[in-house]
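# A closer look at the structure
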Amino acid sequence: MVYPLEKQQELMYQNEVDESDAVDRVQDMAPVFHKSKVKRPESSITAFGGTAEKHPNEDDSDEDDDDEDEDDKEANEWSLRKCSAASLDTLAAMYGPESILPPLLPALQEGLSHADPWVREASVLALGAIAEGCVEAISPHMGQLHPFLMSQLSAADSLPQLKSIAAWTLGRYASWAVDQQMSGTQPDLLGKMTEAIMTIILSRNKKVQIAACSAFGVLVESTGELMVPYLEPVYRTLVQALSVYQTKSLKILFDTLGTMADFVGPSIGEGSLPSLYVPPLLALWNELARANPFDRTLLPLMESLSSTALTCGMNFQPWALETFELAMTMIESCTMILAGAEDEIDDEEADPIVCAADLLDGLVEGFGENFGALVSSSTRFAEYFPTVLHMLTSHDVPGV
């Protein structure tokens, strides 16, 4: 599972590129597809040691695999490393810790303490790979393993690959951290984990940014309301990331913000918290939509705002009118552009309209009987809202 020398050299060069200010190229990014408003499923291991978010209705066909929102081309390339990681995951799940741990633990102990960071990286990958099948049996060792993983996030000599896989592995063992905090054994462990992950979320390396956001999303899924004491510094950090992230990282960041709304609950809308993160999201939406209303980055942005509006309820009121009008403008702009197209409209082209309609639905659910007053307050769209609704219900694209 250790990267071969040539791959190490390739990755070292890629690290320099990822830490530059070079704009993400369109051809390097997987397509973004609209997701319905459901809570994110648990992360599952991919064969190279990252995470793949899988919709509950998806099967394991090759066509579905092609649609996964992978970070780079490595995710679609089979290798001995990927095969080994996937095999460990499967063996641990099928045969359990009694068969897996006795031969594996000595090798893990040696690899995790190895001087070569590439060996440590592969060993951390192996530790994460067996989590699903061995989390309870490995718990007695987590008192030592967890601090080690945390140290790999901040160590000066940690490779970006090591930081990324350590963040992912911490997410795989998030249930252990929750148990430690709930039992009072380590009452501030989640706070320490959050602080460590927030630090690398602001890394210049794009792969580390993506891994950190994904790991934090998994942590939030496991902790739920336990994350409430840390919300203010978390949102301040995520807003800071909004101003420096590029396209690939932004998509994962929006997904993380949506996850916080889904799993932390109404606390994300209390006090001054929404004023920290909602205005920057709306400003970015306005900026991107003005440049290109079909920008695929807008899809996860609108999805995150939909979850936020629904969860915050009436606490979202200061930004409700702007959100409503942005959604209506999105529907109007995309509909007008598509109306002039010669070819038949497909589902993907209509995704911005679907996302905007979902956001309106989030406002409806969040505001309840007060939604009518919100519509009436719009000088631009109040009169035309029923017409737009009728148009959406009779749209040529079934998904709309």
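Here's what I pulled together on the structure shown here. (Residues numbered from 1 in each chain as written. Predicted model: local features only at pLDDT ≥ 70, side-chain atom pairs only at ≥ 80, totals over all residues. Heavy atoms only, no water.)

## A look at the overall build of the protein
If you tally the helices and strands in the protein, you get 19 helices and two strands. With 400 residues in all, the protein has 52% of them scored as buried. (Helix = DSSP H or I, 4+ residues; strand = E, 2+ residues; numbered from the N terminus. Buried < 20%, exposed > 50% of the residue type's maximum accessible area, 1.4 Å probe, protein only.)

## Some words on the pattern of salt bridges
Enumeration according to the criterion identifies seven salt bridges in this entry. Across the pair R81 and E121 runs a salt bridge whose closest N-O atoms are separated by 2.7 Å. Of the two residues, R81 is situated in helix α3 (residues 80–95) and E121 in helix α5 (residues 117–129); the sequence distance between them amounts to 40 residues. Assessed through its relative accessible area of 7%, R81 is described here as buried. Between E332 and R380 there is a salt bridge; the shortest N-O distance is 2.7 Å. Pair noted here: E332 is in helix α16 (residues 317–339) and R380 is in the loop between α18 (371–376) and α19 (385–393), with a separation of 48 residues, a long-range link. (Salt bridge = Lys/Arg side-chain N within 4 Å of Asp/Glu carboxyl O.)

## Details of helix α7 (residues 142–154)
Compared with an ideal rise of 1.5 Å per residue, which puts 13 residues at 18 Å, α7 spans 19 Å between its outermost C-alpha atoms and is within 8% of the ideal. For α7, the set of buried residues is M142, L145, H146, F148, L149, M150, Q152 and L153. The inward-facing, buried residues of α7 contact α4 (97–112), α5, α6 (131–138), α8 (160–172), α9 (174–183) and α10 (189–201). (Expected span 1.5 Å × (residues − 1). Contact = heavy atoms within 4.5 Å.)

## Here we look at a nonpolar patch on the surface
Side chains of L91, M94 and Y95 sit close together on the surface and give an oily, nonpolar patch of about 340 Å² of accessible area. When you line up the elements, Y95 lands in helix α3. (Patch = residues over 30% accessible without salt bridge, like charges linked within 9 Å, V, L, I, M, F, W, Y side chains within 5 Å. Areas by Shrake-Rupley, 256 points an atom, 1.4 Å probe, with all protein chains shown as cover.)

## Concerning the packing of helix α13 (residues 247–264) against helix α15 (residues 298–312)
Where α13 meets α15, the closest approach of the two axes is 8 Å, and the angle between their N-to-C directions is 15°. In terms of orientation, α13 lies roughly parallel with respect to α15. Where α13 crosses over α15, the handedness of that crossing is left-handed. Mapping the contact onto sequence places K251, F254, L257, G258, A261 and D262 in α13 and P300, L301, S304, S307, T308 and T311 in α15. (Axes fitted to C-alpha atoms, helices over the stretch in contact; angles between N-to-C directions. Parallel < 35°, antiparallel > 145°, perpendicular 65-115°, else oblique. Left-handed = near helix turned anticlockwise from the far one by under 90°.)

## Some points on the side chain of Q161
Mapped onto the elements, Q161 comes out in helix α8. If we ignore the near neighbours within four places in the chain, the residues touching Q161 are L11, N15, W118 and E121.

## So, the environment of V178
As for its placement among the helices and strands, V178 is situated in helix α9. For V178, a relative accessible area of 12% puts it in the buried group.

## Remarks on the packing of aromatic side chains
Applying the stated criterion across every chain yields a total of six aromatic pairs. Measuring from centroid to centroid gives 6.1 Å for F324 and F371, while their planes differ by 75°, and the two rings are edge-to-face. Of this pair, F324 sits in helix α16 while F371 sits in helix α18; the two residues are 47 residues apart in sequence, bridging distant segments of the chain. For the pair formed by F324 and F371, the shared burial category is buried. A connected cluster of aromatic rings, assembled from ring pairs, spans F324, F371 and F385. For the cation-ring pair, R81 lies above Y3, with the distance from its terminal atom to the ring centre recorded as 3.9 Å. (Phe/Tyr/Trp six-rings, centres within 6.5 Å; stacked < 30°, edge-to-face > 60°. Lys NZ or Arg CZ within 6 Å of the ring centre and 35° of its normal.)

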